[in-house]
There are 2 protein chains.
Amino acid sequence: MAEAVQRCGVKLRPHAKTHKLPEMAARQIAAGAIGITAAKISEAEVMASGGIRDIFIAYQLIAKSKLERAARLSLSGIRLIIGVDSLEGAKRISEAAEREGAELEVRLELETGLRRTGAAIDKAVQLAKQISGLNKIKLSGIFTYRGAMLGGASTLDVRAAGHEEGRLMADAAAALRSAGIAIQDVSVGSSPTAAFAAEVEGVTEVRPGTYIYQDRMQAAFGTCTFDNCAGAVFATIISRPSDDLVIIDGGSKTFATDIQPDNAPLFLKGFGHIVCDPDAVLERMNEEHGMIRVKPDAVYQVGDVIRIIPNHICSTVNLHSFVYIKESSGKLRKTAVAARGMLE
Amino acid sequence: MAEAVQRCGVKLRPHAKTHKLPEMAARQIAAGAIGITAAKISEAEVMASGGIRDIFIAYQLIAKSKLERAARLSLSGIRLIIGVDSLEGAKRISEAAEREGAELEVRLELETGLRRTGAAIDKAVQLAKQISGLNKIKLSGIFTYRGAMLGGASTLDVRAAGHEEGRLMADAAAALRSAGIAIQDVSVGSSPTAAFAAEVEGVTEVRPGTYIYQDRMQAAFGTCTFDNCAGAVFATIISRPSDDLVIIDGGSKTFATDIQPDNAPLFLKGFGHIVCDPDAVLERMNEEHGMIRVKPDAVYQVGDVIRIIPNHICSTVNLHSFVYIKESSGKLRKTAVAARGMLE
């Protein structure tokens, strides 16, 4: 990813949501990333205490206590940028910065089709001017998250999605600059679209997350193969109640359920890819049980351990307090997922 | 719950999966429960170190390391029972007990319709005899989990489901006793069915979990009202991009997605009940964003905090490293969810 976007002269700022580990963020930076993306002030604090010096919280911080923590973090010698998409939000940022004796760098989030946060593009100039007029706030860029799943199955084209996302934002940046707003950073991208969005003139930064571990969703996008998937769940067969059914010791508290099977545009079968038996389907789960439909002649025995690539690695990692990192030596190192489960 | 089942002369052994906190387990025991249920050896260890003296791991322990930990825990002066549903599993239990110089008490899990773990009822006598013939293993009871969702919407009758579950297991216990197997404990029940299953002659114990906090699913079952729901997520409005859309700072890493909207038999609308605005629908989520469809004239402002009762409290608590417990004084006490996110 670092190489692909550097070829375009674009900066890589991976989203730490996938790993939630300062050591992985440090490895991404060593490989060429300029900094890291986070979603919460608590996550940014964990990254900063792990030595990361350039952090973008690509999220609206609204609560006074969170903004004061952000202002204090920005005074600790690191570059901290936070997201904003409303005048009310900008006022809160400005007030917290004033209270704490800081100046906060912000990026304006724009809405590019996902219908979640982000100001409408046709209101960006007006809002940017209002934000720029506030004290102790420095508007330096714009950002969006659009992903690759807009438009449903018939348009699952990650190249086109990346180009569209890049064009929308490059155009928005041009309009803002024409209105006298100094926009340096134009930040876009997801794991499937980042390399394509980076090809668009005017895009300066991409923020993919999943690519560090990859997962079954990314394989369905064509972003990777199953062999590229570094993150997996190892589960034990605990019961084989019938020829066509195998039960593993992992269910909805082990495999994330946010990417449901059978839904457009990916139409994934079940909740994970069974590496040793790709036709087997992890079709039902309770909290601690996974029900795998297998061929009647499939050889599974109680006690067998199988490797499963989850549909969505980010939300799956988020379920676990610990992961095992496999060292080059082959040794497994148990590691606490430092920035997971944060309230703030 | 304690009162309801005690009236039937039945023991209550709540499942700790909902709270994952020894202090809540202790309160359940103080209110009349005889012990606690867990799903993992690591959870049982947390409960034991929190002072709980009678623990049933209602789950197949298969890995050697887990079974050895179970054997050692059983030697620490507490009553520990573990689940078994196969001869292979029973042999592993027996071997671990022998290695550790322990004797392990087990209950045979029976399959009563959910198609997950559990031996077929018509094979119970044969399997129970085989298990009883092994060394250092003491078969003292049978158990099942059936829940209330079998049969789909047209048969959503928690009373009938509870009675059916109780009858299936009471009959199975009678058949085992006729064959000379000394079955003391007949353990059944979920939060919606427990009080009804307890009415069935021959049932000796119920294992509901969710009832301690309650949730939207239980309200849909008719087990509680929204006023009875003790567990809630407090979320902040971070954006209002359009009149009919409000964005909160909680998504699929905050609200569990294992109970999906619109599915039979409950047909829940969205991922949670918005207490201040019951017609609003938390209809989409990304990892950190919740998209709530509201009436265009609904008064929501950036910074407002709203209370949301999740569809499924157990898996929602499991997403969070901390909960806030509200004391009688009204004070909030931040508490680590001690037994969550365990690997083993």
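What counts as what
- Residues numbered from 1 in each chain as written.
- Chains lettered and ligands numbered in written order.
- Predicted model: local features only at pLDDT ≥ 70, side-chain atom pairs only at ≥ 80, totals over all residues.
- Axes fitted to C-alpha atoms, helices over the stretch in contact; angles between N-to-C directions.
- Helix = DSSP H or I, 4+ residues; strand = E, 2+ residues; numbered from the N terminus.
- Parallel < 35°, antiparallel > 145°, perpendicular 65-115°, else oblique.
- Left-handed = near helix turned anticlockwise from the far one by under 90°.
- Contact = placed C-beta atoms within 7 Å.
- Nonpolar A, V, L, I, M, F, W, Y, C, P; charged D, E, K, R; others polar.
- Domains from an automatic or database assignment.
- Least-squares fit on C-alpha atoms with pLDDT ≥ 70 in both.
- Buried ≥ 20, exposed ≤ 12 C-beta atoms within 10 Å, placed from the backbone.
- Pairing = 2+ DSSP bridges.
- Right-handed = clockwise from strand over helix to strand, strands pointing away.
- Core = buried A, V, L, I, M, F, W, Y, C linked by C-beta atoms within 7 Å.

Caption draft 1: A look at the packing of helix 6 (residues 124-132) of chain B against helix 7 (residues 158-178) of chain B. Residues and elements named next belong to chain B. Where helix 6 contacts helix 7, the two axes come as close as 10 Å, and the packing angle between them is 55°. Taken together, the axis directions place helix 6 and helix 7 in an arrangement best described as oblique. Every pair of crossing elements has a handedness; the one defined by helix 6 and helix 7 is right-handed. Each of Ala 124, Val 125 and Ala 128 in helix 6 lies in contact with helix 7, whose residues at this interface are Ala 172, Ala 175 and Leu 176. Looking at side-chain class alone, the contact of helix 6 with helix 7 contains six nonpolar, no polar and no charged residues.

Caption draft 2: Spatial organisation of the domain arrangement of chain A. Residue and element names in this part refer to chain A. The domains assigned to chain A are domain 1 (2-212) and domain 2 (226-336). Relative placement of domain 1 and domain 2: their C-alpha centres are 33 Å apart. Taken together, the eleven residues of domain 1 in the interface contact six residues of domain 2.

Caption draft 3: Molecular detail of the relation of the copies chain A and chain B. The two copies are related by a screw operation: chain A maps onto chain B through 180° of rotation and 0.0 Å of translation along the axis, at an RMSD of 0.0 Å. With respect to symmetry, the two chain copies, as superposed, fit the operation of a two-fold axis. Both copies share a contact surface, since 100% of the interface residues of chain A are interface residues in chain B too.

Caption draft 4: The pairing of strand 3 (residues 54-60) of chain B, seen in detail. All names here are of chain B. Here strand 3 lies mainly inside the structure; six of its seven residues are buried. Summarising the sheet, strand 2 (residues 36-38) and strand 3 pair through three bridges and their orientation is parallel. Within strand 3, the residue paired with Thr 37 across the bridge is Phe 56. Read as a crossover between parallel neighbours, the route from strand 2 over helix 3 (residues 41-49) to strand 3 is right-handed. Here strand 3 runs beside strand 4 (residues 79-84); their pairing, made up of five bridges, is parallel. Across the sheet, Phe 56 pairs through a bridge with Ile 81, a residue of strand 4. Each parallel crossover has a hand, and the one from strand 3 via helix 4 (residues 64-74) to strand 4 is right-handed.

Caption draft 5: Quick look at the sheet that holds strand 7 (residues 185-188) of chain A. Residue and element names in this part refer to chain A. One open sheet accounts for eight strands, arranged 1-8-7-6-5-4-3-2; its pairing is parallel. Looking at the sheet topology across the chains shown, the edges are occupied by strand 1 (11-12) and strand 2 (36-38). Here strand 5 (residues 104-109) runs beside strand 6 (residues 137-143); their pairing, made up of six bridges, is parallel. Bridge pairing in strand 6 places Arg 107 opposite Gly 141. Across the face of the sheet, helix 7 (residues 158-178) comes into contact with strand 6 and strand 7 while running at roughly 155° to strand 7.

Caption draft 6: Seen up close, the nonpolar core. One finds Met 47 and Ile 57 of chain A together with Met 47 and Ile 57 of chain B to be the most contacted residues of the largest nonpolar core, which totals 214 residues. Residues in contact with Met 47 of chain B, not counting those within four places in the same chain, are Ala 16, Pro 22, Ala 25, Ile 36, Ala 38, Ile 52, Ile 55 and Ala 339 of chain B.

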